[in-house]
Amino acid sequence: MPEKNLITGAQNTWCPGCGNFTLQFALRNAIKGLIADGVPLENIVLVTGIGCHAKMGDYLDINSFYSIHGRTIPVATGIKLANPDLTVLCCAGDGDAYAEGLDHLIFGAKRNTDITVIVHNNRVYGLTTGQYTPTSPLGFRGKSTPQGAPEEPFNPLILMLASGAGFVARSTSRKMPHLSGIIGQALRHKGFSYVDVLQICATYFNVSELYDRQGYELSDHDPSDFSAACAKAEEWDYNSDAPIAFGLFYQEEKTSFEERFSRHPASPGSRNEQIRAFLEMKR
Amino acid sequence: MPEKNLITGAQNTWCPGCGNFTLQFALRNAIKGLIADGVPLENIVLVTGIGCHAKMGDYLDINSFYSIHGRTIPVATGIKLANPDLTVLCCAGDGDAYAEGLDHLIFGAKRNTDITVIVHNNRVYGLTTGQYTPTSPLGFRGKSTPQGAPEEPFNPLILMLASGAGFVARSTSRKMPHLSGIIGQALRHKGFSYVDVLQICATYFNVSELYDRQGYELSDHDPSDFSAACAKAEEWDYNSDAPIAFGLFYQEEKTSFEERFSRHPASPGSRNEQIRAFLEMKR
Amino acid sequence: MNDISVLTGGRAGDGINSAGLLIAHLFNQMGYQTYMYFDYPSLIKGGHNFTITRAAEQKIGAHRDRCDYLLALSQDSVDLHRHLFSENTVILYDSGRVHGEGQGIPVEAILKAEQAPPVMGNSCIIGAFAKSSGIPFDVVETVIRRQIPKAAAKNLVIARKGYEAVREERIIPRIGTTCCPLVTGNEAIGLGLLHGGLDAYVAYPMTPTSNLLHFLARAARNFPLTVVHPENEIAVMLMALGLSYAGKKTAVGTSGGGFCLMTEGFSLAGGSEIPIVVVMGQRTGPSTGLPTYTGQTELGFVLHAGQGEFPRLVVAPGDPEQAYFWSSIALTLAWKCQVPAVILADKTLCEGTYSLDEKAIGPPETSDLQQSGISGQYRRYSITDNGISPLQFPPLKDAAIKVNSYAHDEDGITTEKADMVRLMTEKRQRKYEALKGEIDALECVKSYGTSSARTALLCWGSTLLVCKEAAKRHGFGVIQPVVLSPFPEEQLKSVIEGTPNIISVEENTEGQLRLLCHQHGIPVASHIAKIDGRPFSVEELDARLGEVP
Amino acid sequence: MNDISVLTGGRAGDGINSAGLLIAHLFNQMGYQTYMYFDYPSLIKGGHNFTITRAAEQKIGAHRDRCDYLLALSQDSVDLHRHLFSENTVILYDSGRVHGEGQGIPVEAILKAEQAPPVMGNSCIIGAFAKSSGIPFDVVETVIRRQIPKAAAKNLVIARKGYEAVREERIIPRIGTTCCPLVTGNEAIGLGLLHGGLDAYVAYPMTPTSNLLHFLARAARNFPLTVVHPENEIAVMLMALGLSYAGKKTAVGTSGGGFCLMTEGFSLAGGSEIPIVVVMGQRTGPSTGLPTYTGQTELGFVLHAGQGEFPRLVVAPGDPEQAYFWSSIALTLAWKCQVPAVILADKTLCEGTYSLDEKAIGPPETSDLQQSGISGQYRRYSITDNGISPLQFPPLKDAAIKVNSYAHDEDGITTEKADMVRLMTEKRQRKYEALKGEIDALECVKSYGTSSARTALLCWGSTLLVCKEAAKRHGFGVIQPVVLSPFPEEQLKSVIEGTPNIISVEENTEGQLRLLCHQHGIPVASHIAKIDGRPFSVEELDARLGEVP
Ligand SMILES: Cc1ncc(C[n+]2csc(CCOP(=O)(O)OP(=O)(O)O)c2C)c(N)n1
Ligand SMILES: Cc1ncc(C[n+]2csc(CCOP(=O)(O)OP(=O)(O)O)c2C)c(N)n1
Ligand code: SF4
Ligand code: SF4
Ligand SMILES: [Mg+2]
Ligand SMILES: [Mg+2]
């Protein structure tokens, strides 16, 4: 196969300075890595929600299912169940995955479906012009909360750890190589993998300074240690000004959802024979 | 007020031996306790989902909103926002609160809405005749999973702790006085309170023996210690055979959602004057 | 003409459904056509359940009010149904629970003597019923051996005791040998889907289609079928679309409340042209309503559900043969035309048990996916004459298969250009025409006895069989559009032509089919409505027809 | 007759919407009626945005294709709109960005010189526009002081520079003093709801009603109003029903995709008789479609959404005065009759800016909640003659207020009894009649110029104003039902009487109002459709009318 650049001809409409650009190239690199490992390009499927992040579906020249707001994960689960040979990943927004469709995220982790969920966590609804999301800080003045958001954010890493996710990581659009690396690891993890990407929204929530100042890369951390993972995840609560760790917090291999769907024995007869046999019993 | 028995004349249609009877009386007792404390009966509102548990709405002679499957919490939130003087509680099922409407449960905790959520966790869909729920054990043979449920349960206590719930407790329909006590405490907690009640489903999942054998009441536990709460909650994973603690795992007082909605200053003019003022600005 | 109706009543948990079914099987063995109606409230144990099992020489699918035999396992079974009895009604009751007139059977004592569990009480009653109606015990034996194979011996002992406990009262003659398979509407739908090539079924339990989930979950042992029960109906619909996208013929099932939650995904299926079949079992609304009762109030809803306009197939089978046939067709056409399809059923059809006429279920030709040659680069939405683009699934070598909920171009890339939006809208309109062409080639409007009649009943879905039976008594015809979208206007007009009086019979307020006919310039003057969640009985509809001016 | 159209184009982020609005305000100060159309794709920065600001002596609410002035902040603004220019078009452009014919303004240089931020580029262009069209600078000053009060001084400096950078080309005469408040449709809806007594608004952002959320969130500073933005639309609807149950007059807002998710709660509102108002802003479907463009494809959906049958109020205002008036009415009637109500709008109305005729907005009588005396024990669903039960809220001394999604009795306790179900269904039908009585007392069907015309355009919603303008050119009348459920059949028939030719004009495929008319026996022969997400321009509709045989 000729080296493909994996980028479609679609006009890119992200704002200048948007963290999604970094995500796009990190993702492209991670996918190229997979291909280098021997994964056929056509076996990769991207599912996106709706929001700025979701434009990834238009921009990456790979199989894609540009779905609806909040619903990447059930779509990805269906695709993976249909064909476990596919590598299925989701680009979801924080509005998408943490608000509109939070339940699916938790069930993805619980089931351990072998898919990768990348949350473009810009901590704001970008495409709908700047409202607070579940990870916006308390008091965030978005258009729907001009007097300040009345809710504290939740910590999505902790939620994922609590839901049984077997791969929990965080990175940021401020660190392209780190991000590529983490996404590559996530794609290779067998089972549900989750990456929270602290992505800069240049227009509505540009906290580059915070992430640059407080961000650091995990080291000396044992990702098989669940308690250590929880402790690290608790370090920053998505609200206050505290050190923000990037890296793989937790990893554990477990039986995946698809594996638990026993493949059916070659049926003893054709569909019609089976139907006839059933009807015979009902006589 | 004459002593009311708080039970309507509606015919009770729970199965003989159902744990819901215990819940009903525990709840009645807890409410009587509130009344004794001076809470006017008419200030108490019960919201139920749909399922066997939800029949509580018919049986208790108090204000009630018998809503739809999975949606107790947003309804309760609306009621509480409308009138913070009301004491609002939810009777939800595990199918209800952990599957159909899981996101609302997490947001209830995140917002710290001052409502009480009691989950009748019989670990099965009762009213739809016995399918697995998010807390059924792996391999549960329900009608939708005749070959065994392909998912491990999640641990709802851990999820609630991860979501920021300020009151996390567990009890069981096997321990009426304990249950009354915990519900009473939950109703008195200012902020979101959550009680997972391991309720016996006499027909589809009768694990009385397990709860009696493994159940014990928390003692020497400091409910203000978050880590201790997590550790205790992890003791039993809703799947294996391990000691099952009952009691208050965690409690913390925080600002409630309603409190963050600033009550509006007496407006300087009538609605129509305000409207005119706005239009004037637009001229 | 033999026409027998047996009411079996007891509490939920007594196995009334099974008892009624065993009786249906007795009739089946005696050569009868049967139908069983199951009436139960939304609770698990206690309350009052009853079945009405009917047997007749011709095909039936409605219950009668007149009760020939009453098998009472509870006092309510006698007290609540008195208005259905005549002096000829044979009453058999469990003397341990019921103060009855008729013949008592000491069920508890019999079970105790044999150390049998309570569920076997049914066999006792069945035995007694056989004796009282002159059904030979070997028929009971055949039925029990076939239907309760795992515990046949003990049940037979109990049945024999019941048989011996009463005397013969009113003979039911044998009219033939074993008649037909007995299936519920849910089973007929499931089998039809399997016939059509179903690969996956995704559902969240909801009456009246929960039993379809249960049936297919069990069938997954024998068929190459994936059955999933996810966290809620939104996940159901989206997971199903993921399965479809990746090449699995997929259906979902629900009722109105769950369908509400699926409508956003339904529109996604329409706009992104992903095939999907929704089995939509109606029950009494609005909202939770009467979960275990019936209604026909969602026709308008399924015709308009989802934002935006897109072609959809809606079929409403009226009997188990149609359920089988049209479920298979729905799956096939959904895939052929890449549209969402709805099989619109209701509690009566889904949970009724019917004699299935195997000759009438087709099997329809399972014409395969339209496989237009792919020349050049694969484009998911390439614009074609009939509006149908080639359907391919990942992995497809050297191609990116892109589906998109936004307005998109032929490659599936988002567009906001007015021209492209118009072209794609027109493409979907052509698909509508293609779908219309497909259904026009089928008999979408059924008519019965209309050639000579001046009056015909217009109906859809499960009211078909009660209409047929009641219409016959009045010399009326019956007209039933099975396909409701695309609306078979021409077929309906040509069928209706020459029948000046049309009376719509629907289990809703204003006549939703009736209003749809008006939309298409087909006047329907009268309407007979039913709004209490109960299906029409033959006598009731008969009387209502008498009242129409 | 003065009739001026100004196209302002640039990239998203350039503040094109504000620029167009400032121009509208200039016109407003010069005594004109104005209307502004805002066209933008679904992105935040870049791409191509444009506004068309029109001014005329009579009321307008549609854009014209012919462009009298072009203010170009980007090259696309010239290149993409060439077909709209004539030799008379005055072109002003930012010479730093555009290679244009016409007069260039060195915006960047001006800003730099004044150390002003890029957003002030708008003021520069506005100044230039004023000069070229002969609008006195004091008008610019008034507008900037009023509309940009926080940074008026600096903006005025910049505007002055723009003013000075060009020469006068084509004079726009002053025709009066300040005309009207300028409001968007969203603002008109919001004000109408506030007028009707809105206590709470709950919404999840979705174009085209996000701005209603933003507007009301800000208004919550001045009104006793609770505004909540919850986790998703399901939560929105249920939280709103909780608020309503506890006595707050509550509305929600969304578009088609979000409405899908609300339908289950909508049916709950219908069945449990909890009042609620849904502001449903249509956009181009199906599915995500074109999020920032328009359409009229959800009429059928809102009329049938939700399982089961229940009365609902659906109003589709066509201009900001109707938006105000009917939003107030919708809230009031939803509460009076305890039904769900839908205000069906679309992107054109929601996001268009109009001169508001304050005299035409009513204010309608805010008749208060029907307060039937409570005699004896309070029963939430007591059966009354008009079907409307007394509405009370907790806490109510010595009463348990029970609402229920199940079929229920008068106390709100679940029932499965056929008789009670029928009684309650009939009660809701009587409520439908009561609601119908309420709307019959109002002018639900508007007609314009129909007395003499033999042809009338039939329309609903935002196409009203383009229809009025185009119809006038052809001597046609215009008929607009504002209420679509309960269908004002009699009013419509009486309005239509004597107008033999009816042409429906709708932004959908087949004419959803047209089909509804057919259902009610009102034939509508021709239909003019628009399906590309763009509203009709006056010229386009004019031409299409010319084609109708
Ligand atoms: C059901 C539904 N509700 C609302 C919307 C409108 N909507 C589009 S994108 C979006 C928010 C996107 O936020 P996020 O997921 O954080 O993505 P971002 O734009 O920040 O990348 C919303 C609310 C929608 N498309 N569908
Ligand atoms: C949207 C929707 N989906 C499905 C149902 C059907 N349904 C009714 S109760 C129920 C499950 C109840 O299980 P749970 O919440 O655990 O309550 P339990 O009966 O066990 O108390 C379901 C699926 C429904 N009413 N609404
Ligand atoms: S709004 Fe924010 S997230 Fe969206 S494209 Fe612009 S910078 Fe990126
Ligand atoms: S099915 Fe289970 S939960 Fe429901 S009433 Fe019976 S015992 Fe109780
Ligand atoms: Mg975001
Ligand atoms: Mg349960």
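Above: the structure in question.
What counts, and where the lines are drawn
- Residues numbered from 1 in each chain as written.
- Chains lettered and ligands numbered in written order.
- Predicted model: local features only at pLDDT ≥ 70, side-chain atom pairs only at ≥ 80, totals over all residues.
- Heavy atoms only, no water.
- Helix = DSSP H or I, 4+ residues; strand = E, 2+ residues; numbered from the N terminus.
- Rg over C-alpha atoms; globule rule 2.2 N^0.38 Å.
- Buried < 20%, exposed > 50% of the residue type's maximum accessible area, 1.4 Å probe, protein only.
- Contact = heavy atoms within 4.5 Å.
- Areas by Shrake-Rupley, 256 points an atom, 1.4 Å probe, with all protein chains shown as cover.
- Lys, Arg positive; Asp, Glu negative; His and termini not counted.
- Charge placed at Lys NZ, Arg CZ, Asp CG, Glu CD.
- Polar contact = N/O pair within 3.5 Å; in protein donor to acceptor, adjacent residues only side chain to side chain.
- Near = heavy atom within 4 Å.
- Salt bridge = Lys/Arg side-chain N within 4 Å of Asp/Glu carboxyl O.

Enquirer: Would you mind going over the overall build of chain C in detail, with residue names and values included?
Expert: Per the secondary structure count, chain C includes 18 helices and 21 strands. For 549 residues, the compact-globule formula gives about 24 Å, and the C-alpha radius of gyration of chain C, at 25 Å, lands near that figure. Expressed along its principal axes, the backbone C-alpha trace of chain C runs to roughly 80 × 55 × 40 Å. When each of the 549 residues of chain C is scored for burial, the buried share is 70%. For chain C, restricting intrachain contacts to residue pairs at least 6 apart in sequence, the fraction spanning at least 24 positions comes to 73%. Of the roughly 16300 Å² that chain C leaves accessible, carbon and sulfur atoms contribute 49%. Taking the average location of the 49 positive side-chain charges in chain C and that of its 58 negative ones, the two points are 4 Å from each other.

Enquirer: Any chance you could break down the side chain of serine 193 of chain A for me, citing the residues and the numbers?
Expert: All names here are of chain A. Tracing the chain through its elements places serine 193 in strand β6 (residues 193–198). Given a relative accessible area of 0%, serine 193 falls into the buried group. In terms of polar contacts, serine 193 uses its side chain to reach the side chain of threonine 116, at 2.8 Å.

Enquirer: Provide a residue-level description of the site of ligand 2, including the pertinent values.
Expert: Ligand 2 sits among 22 residues. The nearest are Cys52, Asp94, Gly95 and Asp96 of chain B together with Glu233 of chain C. Residues near ligand 2 are shared among chains B, C and D, making this a multi-chain site. One nitrogen or oxygen atom from the side chain of histidine 53 of chain B is found 2.9 Å from an oxygen atom belonging to ligand 2. In isolation ligand 2 exposes 580 Å². Once the protein is present, 98% of that is buried.

Enquirer: Tell me what's going on with the pattern of salt bridges, and back it up with residues and numbers.
Expert: Applying the stated rule across the entire model yields 98 salt bridges over all chains. The shortest N-O distance in the salt bridge between arginine 213 of chain B and glutamate 209 of chain B comes to 2.6 Å. Residue arginine 213 of chain B and its partner glutamate 209 of chain B are located together in helix α8 (residues 208–214), separated by four residues, close to a single helical turn. For glutamate 209 of chain B, a relative accessible area of 49% puts it in the partly exposed group. Across the salt bridge formed by lysine 431 of chain D and glutamate 273 of chain D, the nearest N and O atoms sit 3.0 Å from each other. Of the two residues, lysine 431 of chain D sits in helix α14 (residues 418–440) while glutamate 273 of chain D sits in the loop between α10 (256–272) and β11 (276–282), which places them 158 residues apart along the sequence. Like glutamate 273 of chain D, lysine 431 of chain D is buried.

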